Amino acid sequence: MRKLLYSVLSGLFFYGWVVHAETDLNLTSHEKTPFCDPLLKLESQIKAPAFWGIQLIGADFTKTSLRSFHLNPVSVVVSDQAISEGASRKILLSNHEKSSDFKLLLKTGIGQKFSTLLGDQPLIKEIKNFAIETLPIFNRFMFSSNLKIHGKHVAGTIGAQGFNFGVSNIAEIEELDIFHGMDGADNESMIEGYQTLIDRNEPVPVLNMSHALSADVKIVELLKTLVQKKQTICVIASHNQGEELRKENLINQLDDCIIVGSLGFDGIKSDFSNYGPVVGLIAPGEAIVSLGDQFEWHKEKLSALSGTSMAAPEVSGAAANLKGLLPLSRAEDIRKILYETAIDIGLPGRDAFTGYGVLNVLKATRVAENLVKKGLTSADEIHAALADPKIFNLDDLSRKALSQAYQAGASSPIYLNLRRKAALLSGKAEDFLELGTAYMAAGYSAFGRGMFIMAVNRKEAKIDKKNLSEIASHLASVQEKILKDERKNSYVIGSLANADLLMEVYRKLSFESARLTYKTMKAQMNVVAPERLAELEQRFPQKLYEIEELDLAATLKMGDLFDPNLRKLDWKNPYEVTPFLPFAHPLKPLK
């Protein structure tokens, strides 16, 4: 009886992330994922589907539909520290011996090939440092004790087999060995490696770089040449310092490449993700399940890692899908499809924190599929077709999926998947708002809340008071945690694009956190709603403490010099401070 109850409960728990086989939009059957204790534990810790990243971008829906097109494999070159076993082919540098073929040692399906690469050890150590502080609830599922899984994890995210992880089932991984077994690559190795890609006769459809780039002008020139001469989709991780990409940073000169940041569970940029005007997309980058060594599932060893290194390969997998459907397409047109179909969150259009938005593999692939069905497959035809905004409107398909969801009923195990498909096809805020609510009701609190925040954190969004208070409380607690860990990056405040939400989050911060984030708050409000700056300055007294000789701690010790009522105030809630404060700049009464 105990075993039976255990099986029933585990089966119910996994209904939320069951993957459904499909032909176009018609769900004909579904495959129930077998119970797996390590993944169940991971889900219970993060309150989200174990394969939340794949689900949020809709990659699970595209893997089945692409089979009907009988596409040729698409080469994705992974520039990482590599070993020979496991990859479809290893590309040696031009002054080494001839490139060699290697036997695939891991299970593969048709057109599914992935490598087992060594990891970039300094990067893994860096990830461990920031993410253990940021995401302590992920426990041992977050990081591997083996530092040799970084490249393997990246390659698996691009094109590993199965419905549940790996973005593309037509990606064929090629290793670009520029590390020579060392912990990092020097300028000469990078230059030699990228020159090798340019010189070889074969095309280079996609190049994934989940590693730091050496500051060398020659590297910029070579990557630009790859884009222009070979029409390569170059995908680069923005890296993990949680800092703005400065103007002198090499990556800022690579707007022809796709710079990828990380999206977190909370529906905003991950705090560790670098940002700046050059960022093109963000993609899920926290607790991403892929190949590794932490636990076993379906006889495959997996790990759950975080970082922009995990977000970039999702974009590379999406690019592989598009190149498979449109092999004659130009790099600029592949970028346009990915940018135009992204889920636009934050400020309208492209912004420094989210680029054009969150990667949407389902919508991007559907747009390419529609071009193929219309016979628009030459470079010029594709380019001309993409000039028409109507090509990106998939509302009819979205309504069809939503109708199927209603017909199935909210109690159906396929209901959430159909609702998710409808939201991804439309990309509309209201659809993600309802979808987030549905996931929260189903028990996936983090997953649902993240989609909810993605929907309401937009400049024009109107949020009811109850939801505004609840979401603001959560985001304020996240901001508090970051500041408590002495990481002064005010990423929550800086990521908010809705003035009401921004104000409410700030209102719920403790005094010290509000003081530390005041400059960021003022700068962000100036971007989001400059007309409300006066309201901010009236409502919050933090500006009185950030610039002058008044130290709060010293001030409180001098209580006899102040009104005795001052001592009765709750200093954890500075917005309750009233205008009787005897400071040099008394507050004006609120209107």
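What you see as residue numbers is a count from 1 along each chain, following the sequence as written. Residue-level local features of this predicted model are given only where pLDDT is at least 70; pairs of side-chain atoms are given and counted only at 80 or more, and the full residue set underlies all totals for whole chains, interfaces and linings. Computation of side-chain values: all heavy atoms of the structure, hydrogens and water removed.

Caption draft 1: Geometry of the packing of helix H11 (residues 361-373) against helix H14 (residues 415-426). All axes are obtained by fitting lines to C-alpha atoms, using only the stretch in contact for helices, and the reported angles, taken between N-to-C directions, cover 0 to 180 degrees. Helix and strand assignments come from DSSP, with helices taken as H or I runs of at least 4 residues and strands as E runs of at least 2, each series counted from the N terminus. Contact pair H11 / H14: the axes reach a minimum separation of 8 Å and the direction vectors enclose 65°. Read as a crossing pair, H11 and H14 show a hand that is right-handed. In contact with Leu362, Lys363 and Arg366 of H11, H14 contributes Lys421, Leu424, Leu425 and Ser426. Across the contact of H11 with H14, the residue classes tally to 3 nonpolar, 1 polar and 3 charged. Left-handed is the label given to a crossing in which the near helix is rotated counterclockwise from the far helix by less than a right angle, and right-handed is the label when the rotation is clockwise. Throughout, a residue-residue contact means that at least one pair of heavy atoms, one from each residue, lies within 4.5 Å. Throughout this entry, Asp, Glu, Lys and Arg are counted as charged residues, while Ala, Val, Leu, Ile, Met, Phe, Trp, Tyr, Cys and Pro are counted as nonpolar. The remaining residues, Gly among them, count as polar.

Caption draft 2: Just the packing of helix H9 (residues 308-325) against helix H10 (residues 331-340), in detail. Close contact between H9 and H10 brings their axes to 10 Å; oriented N to C, the two are set at 120°. With respect to each other, H9 and H10 are oriented oblique. As for the relative orientation of H9 and H10, their crossing is right-handed in sense. Where H9 abuts H10, its residues Val315, Ala318, Ala319, Leu322 and Lys323 lie against Ile334, Ile337 and Leu338. In the contact of H9 with H10, the residues fall into 7 nonpolar, no polar and 1 charged. Angle categories: roughly parallel below 35 degrees, roughly antiparallel above 145, roughly perpendicular from 65 to 115, and oblique for all the rest.

Caption draft 3: View of the environment of glycine 151. Tracing the backbone through its elements, the reader meets glycine 151 in helix H6 (residues 150-159). Linking glycine 151 and serine 309, residues 158 residues apart in sequence, is a C-alpha distance of 9.1 Å.

Caption draft 4: Seen up close, the packing of aromatic side chains. Aromatic pairs are defined between Phe, Tyr and Trp rings, using the six-membered ring for Trp, whenever the two ring centres lie within 6.5 Å; interplanar angles under 30 degrees are classed as stacked, those over 60 as edge-to-face, and all others as tilted. All told, the structure shown has 5 aromatic pairs when counted by the stated rule. Comment: the charge-over-ring label is applied if NZ (Lys) or CZ (Arg) is within 6 Å of the ring centre and within 35 degrees of the ring normal. Looking at arginine 350, its charged tip hangs above the ring of tyrosine 339, at a distance of 5.9 Å from the centre.

Caption draft 5: Molecular detail of the pattern of salt bridges. Any Lys or Arg side-chain nitrogen found within 4 Å of a carboxyl oxygen on Asp or Glu counts as a salt bridge. Per the stated rule, a full pass over the model turns up 14 salt bridges. Among the salt bridges present, the one from lysine 466 reaches glutamate 470, with a minimum N-O distance of 2.7 Å. With lysine 466 and glutamate 470 both in helix H17 (residues 465-484) and 4 residues apart, this pair spans about one turn of that helix. Linked by salt bridges that have partners in common, Asp500, Arg532 and Glu535 make up one network.

Caption draft 6: Expanded view of the nonpolar core. Judged by nonpolar contacts, the single largest core of 123 residues is most densely connected at Tyr194, Leu223 and Leu338. Examining the composition of this core, we find that 9 residues originate from one element, H9, more than from any other. When sequence neighbours within four positions are dropped, the list of residues in contact with tyrosine 194 reads Ser79, Leu176, Ile178, Leu207, Met209, His211, Leu213, Ile219, Leu222, Leu223 and Leu226. Here, the term nonpolar core denotes a set of buried Ala, Val, Leu, Ile, Met, Phe, Trp, Tyr and Cys residues that are joined through side-chain atoms within 4.5 Å. Each residue's exposure class comes from its accessible area (1.4 Å probe, protein chains only) as a fraction of the maximum for that residue type: buried when under 20%, exposed when over 50%, partly exposed otherwise. Formed by 33 residues, the second largest nonpolar core is a distinct cluster that contains Ile463, Val505, Ala514 and Leu533.

Caption draft 7: Looking closely at the pairing of strand S11 (residues 288-297). The buried count for S11 comes to 8 of 10 residues, which makes it a mostly enclosed element. Each pair of strands is called paired provided DSSP finds at least two bridges between the two strands. Pairing of S11 with strand S12 (residues 300-305), which is carried by 7 bridges, proceeds in the antiparallel orientation. Bridge pairing in S12 links glutamate 296 to lysine 301.

Caption draft 8: Region of the structure containing the environment of aspartate 500. Here aspartate 500 is to be found in helix H19 (residues 499-508). Put simply, aspartate 500 and lysine 465 are 35 residues apart on the chain and 9.8 Å apart in space, counted from C-alpha to C-alpha. Among residues more than four places away in sequence, those in contact with aspartate 500 are Leu468 and Arg532.

Caption draft 9: Looking closely at the environment of histidine 153. The residue histidine 153 is located in helix H6 in this model. With relative accessibility at 0%, the residue histidine 153 sits in the buried group. Histidine 153 sits 138 residues away from leucine 291 along the chain, and the two C-alpha atoms are 4.8 Å apart. The residues touching histidine 153, leaving out its near neighbours within four places in the chain, are Ile288, Val289, Ser290, Leu291, Ser303, Ala304, Leu305 and Met310. Whenever a nitrogen or oxygen atom comes within 3.5 Å of another N or O atom, the pair is scored as a polar contact, on the condition that within protein one atom can donate a hydrogen and the other can accept it, and that pairs from neighbouring residues in sequence are kept only if both atoms are in side chains. A distance of 2.8 Å separates the side chain of histidine 153 from the backbone oxygen of isoleucine 288, its partner in a polar contact.

Caption draft 10: Here's a closer look at the state of the cysteines. When two cysteine sulfur atoms are found within 2.5 Å, that pair is recorded as a disulfide. For the structure on display, the rule yields 0 disulfides. Here cysteine 234 stays unpaired: no disulfide links it, and the sulfur of cysteine 257, its closest cysteine neighbor, is 4.3 Å away. A residue is classified by how much of its surface remains accessible, and cysteine 257, at 1% relative accessible area, is buried.

Caption draft 11: Geometry of the side chain of glutamate 369. Structurally, glutamate 369 can be placed in helix H11. What makes glutamate 369 buried here is its relative accessible area of 2%. Once residues lying within four places of it in the same chain are set aside, the contact partners of glutamate 369 are Ser65, Leu66, Phe69 and Leu325.

Caption draft 12: A look at helix H16 (residues 445-456). Between the first and last C-alpha of H16 there are 16 Å, a value that for 12 residues agrees with the 16 Å anticipated at 1.5 Å per step. The buried fraction of H16 amounts to 10 of the 12 residues, a majority that puts the element mostly inside the structure. Here H16 has its buried residues at Ala446, Phe447, Gly448, Gly450, Met451, Phe452, Ile453, Met454, Ala455 and Val456. What a helix is expected to span follows from its residue count: subtract one and scale by 1.5 Å.

Caption draft 13: Structural context of unusual backbone geometry. One non-glycine residue, histidine 70, lies in the positive phi region at around 50°. Relative to the helices and strands, histidine 70 is located in the loop between helix H4 (59-65) and strand S3 (74-80). Unusually for a residue other than glycine, histidine 239 sits at a positive phi of about 85°. Here histidine 239 lies in the loop between strand S8 (233-237) and strand S9 (258-263). Relative accessible area serves as the criterion here: at 17%, histidine 239 is assigned to the buried category.

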